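A closer look at the structure
Given next are the chains, with one letter for each unit.
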Amino acid sequence: MKSPFSRFFGGGEKTVSEEKNEVEQVVAQDDKNKAAEEVVKIPIDKIIPNRFQPRTVFDEDKIEELSRTIHTHGVIQPIVVRSYEDDRYEIIAGERRYRAMKKLNWTEVPAIVRNLSDKETASIALIENLQREELTAIEEALAYQQLLELHSLTQEALAQRLGKGQSTVANKLRLLKLPQFVQEAILKREITERHARAMISIKEEEVQVALVTMIKENDWNVRQLEEYIQQLTEPKEEVKKEKPKRKAISKDIRIALNTIKQSLSMVTKSGINVKTEEEDTEEYYQITVKIPKKK
């Protein structure tokens, strides 16, 4: 029998309305199948997390809260697993419940065992988490990327199947081009998706990394970040007036010079009397920094 997710991600272009109706039918049938499935007890040490789990950061406070609820009321909905190698089971759905029960030191957990392929397991894990809308922008982007690869879809086809705009999918995927340091900051919710999108226009990785530090240290909102980036990428008015005949400075060099000057300004504000000398030659820009030794 053809699996629900094979039908959902099968070939052919469909309207959003058609996709929605099909998803509703799949979910309804899936609920009927669940009701008929037997709940069994499985040793918790024989269960492994889903290898295709898009969620990389779990809120420990929420897991603790869930464990208290389970301790008081029990498990209302069993986890779903599949048989894995060496007499083990892999989680398909319900990793938060699994973590909460593990925190309670349970030796067995209630579960439903299904016979699914890697592709189907990955699809269910990805879709389940995307529907909850609790993922960070990076986790969501990684989920989109995996679905594109698993089902050989275009961004437009994936957007239709998920009932989202193509621009939404495309904007999320662009975040994966940012340096790992910036992606980690999004995962830890230290910066927002809008902060990250503002930094995409900056091509220099070291500048992007420096911007993340500035956002955290100065508690910048998105508007403040955008204004600072604009200062970095646009030449200062006084420079234009002083050297009207000089060849225009390239964007990359302006960013480098402004970043250096901003860093020196921050050092000066810290109380260190830094002296700088600038020299503009035909071949290079030279900035000499003098830091007095403490007596």
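Residues numbered from 1 in each chain as written. Predicted model: local features only at pLDDT ≥ 70, side-chain atom pairs only at ≥ 80, totals over all residues. Heavy atoms only, no water.

A tally of regular secondary structure across the chain gives 14 helices and seven strands. Sequence separation of 24 or more characterises 67% of the internal contacts of the chain that already satisfy a separation of 6 or more. Summed over all atoms, the accessible surface of the chain reaches about 18400 Å², with 48% contributed by carbon and sulfur. (Helix = DSSP H or I, 4+ residues; strand = E, 2+ residues; numbered from the N terminus. Contact = heavy atoms within 4.5 Å. Areas by Shrake-Rupley, 256 points an atom, 1.4 Å probe, with all protein chains shown as cover.)

This part takes up a positive patch on the surface. A grouping of R174, K177, R194, R197 and K203 is seen on the molecular surface, where their side chains present a positively charged patch. Mapped onto the secondary structure, R174 falls in helix α8 (residues 166-174). (Patch = residues over 30% accessible without salt bridge, like charges linked within 9 Å, V, L, I, M, F, W, Y side chains within 5 Å. Salt bridge = Lys/Arg side-chain N within 4 Å of Asp/Glu carboxyl O. Lys, Arg positive; Asp, Glu negative; His and termini not counted. Charge placed at Lys NZ, Arg CZ, Asp CG, Glu CD.)

The next subject is the packing of aromatic side chains. The relative placement of two aromatic rings is captured by the distance of their centres and the angle of their planes. Tallied over the entire structure, the rule returns one aromatic pair. With a centroid separation of 5.2 Å and an interplanar angle of 40 degrees, the aromatic rings of W220 and Y228 are classed as tilted. Like Y228, W220 is buried. (Phe/Tyr/Trp six-rings, centres within 6.5 Å; stacked < 30°, edge-to-face > 60°. Buried < 20%, exposed > 50% of the residue type's maximum accessible area, 1.4 Å probe, protein only.)

The strand order across the open sheet built from five strands is β1-β5-β3-β4-β2, with neighbouring strands paired in mixed fashion. The sheet is open, and its two borders are formed by β1 (39-43) and β2 (47-48), each paired with just one other strand. Alignment of β1 against strand β5 (residues 108-114), held across five bridges, turns out to be antiparallel. What sits directly across from I42, in β5, is V109. Relative to the sheet, helix α4 (residues 95-103) contacts β2, β3 (79-84), β4 (88-93) and β5, its axis offset from that of β4 by approximately 125 degrees. (Pairing = 2+ DSSP bridges. Axes fitted to C-alpha atoms, helices over the stretch in contact; angles between N-to-C directions.)

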